[in-house]
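Listed here are the chains, written in short residue letters.
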Amino acid sequence: MAGLVRATALMGRPVVTLSGDVVGQVKDVVYGPAGGPLRGFTLAGRGVFAGPRDAALPADAVHAIGPDAVMIESEERLTESGAVVDEVDARDRAVLDDKVVTDTGTELGTVCDVILRLDGVPQVVGYEIRANPVLQTRGHRVVIPVPDALPVSGQVLVVPQDAVEYACADLDGFEAALAAFRQRGGGGDDAH
Amino acid sequence: MMRTEARGRPVFSTETSSAVGTVADLVIDARAGRVVALRLTGNVGAGDVLPWQDVKAFGTDAVIVDSADKVVEASGVAALPHERTDVVGKHLLTDGGQDLGEVTDVSFDPHDGRVQALLAGQESVAADEVIGCGDYAVVVQARPQR
């Protein structure tokens with residue numbers, strides 16, 4: 001199946017062991033200050049009776065991320081959320097609603113979703129943007145590819161200008177756009 | 001035979017040639033892939049569990065036991081799995097995280113009690129594909145293609 005998924009689509013998905021027990025549900029995805037590979041997921045308690053649960057699932061403990069559940073080998077692979085979410089307050093790096101600006105200084109819009117690729121270690125490969133008029137010829141929401149590593153500050157997301165050329169209206173066709181963008185060397189140059 | 005067919009089947013004792021109860025449900029150990037007991041209703045004794053090894057015959061019309069004494073209380077059956085291992089009503093989930101639906105029925109061999117397949121709507125999964133069975137789901141090996 002397609003390996004691209006919106007981060008918001010993963011939220012609430014049950015986390016189930018191969019023994020068939022549910023251990024929680026995905027609350028949020030966590031990735032490092034450089035973007036790229038996911039560190040893991042924070043979990044919410046399972047069911048309606050469970051309270052908040054300070055547990056996290058490291059990315060390397062994931063057996064599979066399917067359309068209906070995230071599978072793990074056993075509950076023992078869960079950790080304290082501190083092991084996945086580092087000291088830097090995760091909220092400072094929350095990207096939703098962050099402004100997206102190109103490295104030539106054009107404001108493209110605000111982040112409304114994070115695009116993940118799930119083959120192998122899940123990684124951030126793009127952002128969905130609520131587009132400013134400058135991008136709106138491609139739709140009100142567009143998906144733009146990002147380089148392998150893209151610094152994430154939680155204030156603003158600076159993306160290469162040429163990523164705009166590869167913007168897609170939806171996830172359909174994004175895989176090809178991403179491949180073309182990255183082959184073009186879009187990840188190499190750093191504008192800072 | 002299907003679990004849904006088995007339910008409602010009368011249980012007769014050869015000792016007295018009388019009915020000792022009616023099959024209400026199968027007690028299934030999904031990990032072992034076996035029917036380990038029958039749960040009865042309308043039984044004459046105190047218990048309501050008939051261990052599979054005491055089933056003399058599971059016929060097309062009736063289940064035969066030696067005596068009503070074979071129907072015992074659940075606490076007396078060591079091999080009885082915890083209820084969480086029951087499969088019906090649970091999600092049938094592949095190890096790739098795809099939900100095939102809720103388990104609606106189970107087919108089993110009436111001669112030896114071996115579970116043959118789990119059914120979820122139109123999906124059928126062989127019992128030997130089962131990896132685990134917990135409080136949420138029966139986990140089965142993902143198929144090579146959907």
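Residues numbered from 1 in each chain as written. Chains lettered and ligands numbered in written order. Predicted model: local features only at pLDDT ≥ 70, side-chain atom pairs only at ≥ 80, totals over all residues. Heavy atoms only, no water.

Caption draft 1: Summary view of the interface of chain A and chain B. Between chain A and chain B, the residue contacts involve 18 residues of the former and 18 residues of the latter. Our count for the contact surface shared by chain A and chain B stands at zero salt bridges. Between the two partners, chain A and chain B, sit 12 residue pairs in polar contact (both at pLDDT 80 or more). Looking at side-chain class alone, the side of chain A that touches chain B contains 10 nonpolar, five polar and three charged residues. (Contact = heavy atoms within 4.5 Å. Salt bridge = Lys/Arg side-chain N within 4 Å of Asp/Glu carboxyl O. Polar contact = N/O pair within 3.5 Å; in protein donor to acceptor, adjacent residues only side chain to side chain. Nonpolar A, V, L, I, M, F, W, Y, C, P; charged D, E, K, R; others polar.)

Caption draft 2: Expanded view of the sheet that holds strand β8 (residues 79-80) of chain A. Residue and element names in this part refer to chain A. The mixed open sheet is built from seven strands, whose spatial order is β6-β7-β2-β3-β4-β5-β8. Looking at strand neighbours, the two that pair on one side only are β6 (62-65) and β8, the edges of this open sheet. In this structure, β6 lies alongside strand β7 (residues 70-72), joined through three bridges in antiparallel fashion. Note that in β7 the partner of isoleucine 65 across the bridge is valine 70. (Pairing = 2+ DSSP bridges. Helix = DSSP H or I, 4+ residues; strand = E, 2+ residues; numbered from the N terminus.)

Caption draft 3: Structural view of the side chain of Thr102(A). Positionally, Thr102(A) belongs in strand β9 (residues 99-102). The contacts of Thr102(A), once residues within four sequence positions are left out, are Leu108(A), Val158(A), Val159(A), Gln161(A) and Val164(A).

Caption draft 4: Layout of the pattern of salt bridges. Scanning the entire structure with this criterion turns up 12 salt bridges over all chains. A salt bridge links Asp148(A) to Arg182(A), with the nearest nitrogen and oxygen atoms 2.9 Å apart. Placement of the pair is Asp148(A) in the loop between β12 (141-145) and β13 (156-159) and Arg182(A) in helix α2 (residues 174-183), with a sequence separation of 34 residues. Here Asp25(B) makes a salt bridge to Arg3(B), at a shortest N to O gap of 2.8 Å. Here the residue Asp25(B) occupies a position in strand β2 (residues 18-29), and Arg3(B) occupies one in helix α1 (residues 3-6), the gap between them amounting to 22 residues. Residue Asp25(B) is classed as buried on the basis of its relative accessible area, which comes to 17%. Relative accessible area serves as the criterion here: at 7%, Arg3(B) is assigned to the buried category. Among the charged side chains, a salt-bridge network with shared partners connects Arg6(A), Glu128(A), Arg141(A) and Asp170(A). (Buried < 20%, exposed > 50% of the residue type's maximum accessible area, 1.4 Å probe, protein only.)

Caption draft 5: View of the environment of Val11(B). Residues and elements named next belong to chain B. Within the secondary structure, valine 11 sits in strand β1 (residues 10-13). Taking the relative accessible area as the measure of exposure, valine 11 reaches 0% and is therefore buried. Separated by 46 residues in sequence, valine 11 and alanine 57 place their C-alpha atoms 9.8 Å apart. Residue contacts for valine 11: discarding those within four places in its chain leaves Ser18, Ala19, Val20, Gly21, Thr22, Val23, Leu40, Leu50, Val63 and Val65.

Caption draft 6: Fine view of α2(A). All names here are of chain A. Of all the residues in α2, the buried ones are Phe174, Ala177, Leu178, Phe181 and Arg182. Projection of α2 onto a plane perpendicular to its axis shows the buried side chains occupying an angular sector of 125°, all on one side. When the buried face of α2 is taken as reference, the exposed residues oriented beyond 90 degrees from it are Ala176 and Gln183. If you follow the buried residues of α2, they end up packed against β1 (4-6), β10 (107-117), β11 (123-131) and β12. (Arc of directions from axis to C-beta.)

Caption draft 7: Geometry of the sheet that holds strand β8 (residues 99-102) of chain B. All names here are of chain B. The sheet built from four strands is open, its strands ordered β8-β7-β13-β12 with mixed pairing. With partners counted over all chains shown, the strands left at the sheet margins are β8 and β12 (130-133), one partner each. Going across the sheet, the axis of each strand differs from the next one's by a mean of 20°, ignoring polarity. Of the strand pairs in this sheet, β12 and strand β13 (residues 137-140) are connected by three bridges, and their pairing is antiparallel. (Axes fitted to C-alpha atoms, helices over the stretch in contact; angles between N-to-C directions.)

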